[in-house]
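# Structural features, examined
So the chains spell out like this:
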Amino acid sequence: MKEIMKEGTPAEVIEISKQVGDAHNRDKWKWVEPSVWTERMLTALEEGVKGGKWFALMDKVYSGKNLKASWEKVRANKGAAGIDQQSIEAFQANAEKYLEELQEGLRENRYEAKPVKRVWIPKMGSKEKRPLGIPVVKDRVVQTALRNVLEPIFEKIFAEHSYGFRRGRGCKDALRRVETLLKTGKTWVVDADIKSYFDTISHDMLMRDIKEQVADGRVLELIEGYLKQGVIDGLDHWEPEKGTPQGAVISPLLANIYLNRTDHNMSSSGYEMVRYADDFVILCSTEEEAKKALTEVKMKVEEIGLILHPEKTRIVDATLKGGFDFLGYHFERNTRWPRNKSMKKLKDSIRQKTKRTAGKSMKCIIDDLNRSLKGWFEYFQHSNGKTFQMTDKWIRMRLRSILRKRQGRHGRGQGTDHWRWPNAYFSGLGLFTLTAAHEQARQSRCGNY
């Protein structure tokens, strides 16, 4: 694919001859798209740009190398077709042509995003469903290219306690921070929930925050175009007045930008907040401090047009029975285990794989089970040991019930079935044992995340 514009020096970037200062800084930004973020731009990112804002970014968005790299990311992520019914495979068949068309459309300011397709997916632990917006493949490519340009700019200013949808950070880092704070005595917890977060983001306030860092008018127009992108749900078609659709490539970044001001306000007030997207907790030393923290965070989110869910937001003492849930775990009385919804999801998956009428051999059933168990354990391995003992016992009961059925007997595995098919029988068939894996993990990691 030919380049239409040459890579040039971004306008208004401070003239600095030196490269990014040291190996640490280069390693810090190793995840950025190299076709966009040259050594010169990374130096400007570290040292600051003239006026504190970034100009002349649009040519970085539509550069051929950036669009090609963005397409490769979209292709790797797969995903369903949008309203135009164009699949990843169909785009790939003429990728070079489509990328050139996108580049030309963006360069000549003719590009317009198509409406997103609204789909509804089950909401874990609820009868409600969660809305997702699926953009067409071409829009996903452009959004990825835009994210490649914008993400480092905002990553530089994001708060330390924000962990969701950020490079080099994840759920385990957030959980590790929560555990550390609990151990230091911050056991009074503001367990907060923002009501319909992604659907209630104010476009005007979000653009205000973006404009504090970005001054390229065409890039700003591109972002606004995505915020006002139409939504098609069956026969219904509308243009949203607020929110950013879950499912869009750019949405997680925009969501983090929107809460960044609140993040820094809470930190400046001395509160220990741990946030993953719209899910956050504030850990305090006393009940009085927790009450003040709740009052302040409620005021801060209301200032940007958000509402804390009145039924799901509360203050708890983590040293007492009841505790709180965060990122799939339940924290209570100096220990943690998978929250009820997480256990239900695992058991529902196991039930599907261990039906008594299953026609597979026991070895095949166990091999299928192991794939689910290993992935689940990787995330929940820091739970209280009793979790694994009880789960192992329940899984073997399910397997013994299959064997009973094959002998023409009714009911679930019990009584003498433990002698007929002892634990060693299933171990011999390769069953992944959560209890043994937990013990091994404890010895090798000393109980740390």
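Now for a quick tour of the structure.

About the cut-offs
- Residues numbered from 1 in each chain as written.
- Predicted model: local features only at pLDDT ≥ 70, side-chain atom pairs only at ≥ 80, totals over all residues.
- Heavy atoms only, no water.
- Buried < 20%, exposed > 50% of the residue type's maximum accessible area, 1.4 Å probe, protein only.
- Helix = DSSP H or I, 4+ residues; strand = E, 2+ residues; numbered from the N terminus.
- Pairing = 2+ DSSP bridges.
- Core = buried A, V, L, I, M, F, W, Y, C linked by side-chain atoms within 4.5 Å.
- Contact = heavy atoms within 4.5 Å.
- Expected span 1.5 Å × (residues − 1).
- Salt bridge = Lys/Arg side-chain N within 4 Å of Asp/Glu carboxyl O.
- Axes fitted to C-alpha atoms, helices over the stretch in contact; angles between N-to-C directions.
- Parallel < 35°, antiparallel > 145°, perpendicular 65-115°, else oblique.
- Left-handed = near helix turned anticlockwise from the far one by under 90°.
- Nonpolar A, V, L, I, M, F, W, Y, C, P; charged D, E, K, R; others polar.

Next up on the list: the pairing of strand β7 (residues 279–284). For a regular strand, the rule is simple: side chains alternate between the two faces of the sheet. Of all six residues in β7, five are buried, a share of seventy percent or more. Note: strand β3 (residues 188–193) against β7, six bridges, orientation antiparallel. In the sheet register, W188 faces β7, and the bridge partner there is C284. Bridge count for strand β6 (residues 272–276) against β7 is five bridges, and the pairing is antiparallel. Along β7, the bridge assignment pairs V274 with V281.

In this section: the nonpolar core. Soluble, globular proteins show a tendency: their nonpolar side chains are buried together. Ranked by size, the top nonpolar core spans 71 residues in total, and within it I210 and I282 carry the most contacts. With nine residues, the top contributor of residues to this core is helix α7 (residues 137–155). Residues in contact with I282, not counting those within four places in the same chain, are W188, V189, V190, M266, Y271, E272, M273, A293 and V297. Of all hydrophobic cores here, the second largest spans 44 residues; its members include F326, I366, W376 and W394.

Each turn of an α-helix holds 3.6 residues, which means side chains three or four residues apart point in the same direction. Given a rise of 1.5 Å per residue, 14 residues ought to cover 20 Å, and the 20 Å separating the end C-alpha atoms of helix α14 (residues 340–353) matches this to within 8%. As for α14, its buried residues are in contact with β11 (335–338), α15 (362–380) and α16 (385–406).

What follows deals with the pattern of salt bridges. Pairs can form between side chains of opposite charge whenever their charged atoms are close. Taken as a whole, this structure holds 33 salt bridges when the rule is applied. In this structure, K298 and E302 form a salt bridge, with 2.8 Å as the shortest nitrogen-oxygen distance. Of this pair, K298 and E302 both sit in helix α13 (residues 287–303), four residues apart, which is roughly one turn of the helix. Among the residues examined, E302 registers a relative accessible area of 41% and is labelled partly exposed. Of the charged contacts, one joins E332 and R333 as a salt bridge, the two residues approaching to 2.4 Å between their closest N and O atoms.

Time to look at the packing of helix α12 (residues 251–268) against α13. One can describe the packing of α12 onto α13 by two numbers: an axis separation of 10 Å at closest approach and a directional angle of 150 degrees. Accordingly, the angle class assigned to the pair α12 and α13 is roughly antiparallel. Where α12 crosses over α13, the handedness of that crossing is right-handed. On α13, the residues that touch T262, N265 and M266 of α12 are A293, E296, V297, K300 and V301. Classifying every residue of the contact of α12 with α13 by side-chain character gives four nonpolar, two polar and two charged.

Within the secondary structure, L220 sits in helix α11 (residues 217–227). Using a relative accessible area of 10% as the deciding quantity, one classes L220 as buried. Along the sequence, L220 and M207 sit 13 residues apart, while their C-alpha atoms lie 7.8 Å from each other. Those residues in contact with L220, other than ones at most four positions away along the chain, are M207, I210, K211 and V214.

Note on sheets: strands pair through backbone hydrogen bonds, and any given pair is parallel or antiparallel. One open sheet accounts for four strands, arranged β2-β1-β4-β5; its pairing is mixed. Bordering the open sheet on either side are β2 (129–134) and β5 (236–238), each of which pairs with just one other strand. Taken over all neighbouring pairs, the strand axes of this sheet differ in orientation by 30 degrees on average, direction set aside. Judged from the two bridges that link them, strand β1 (residues 116–122) and strand β4 (residues 231–233) form a sheet pairing that is parallel. For V116, the partnering residue across the bridge sits in β4 and is V231.

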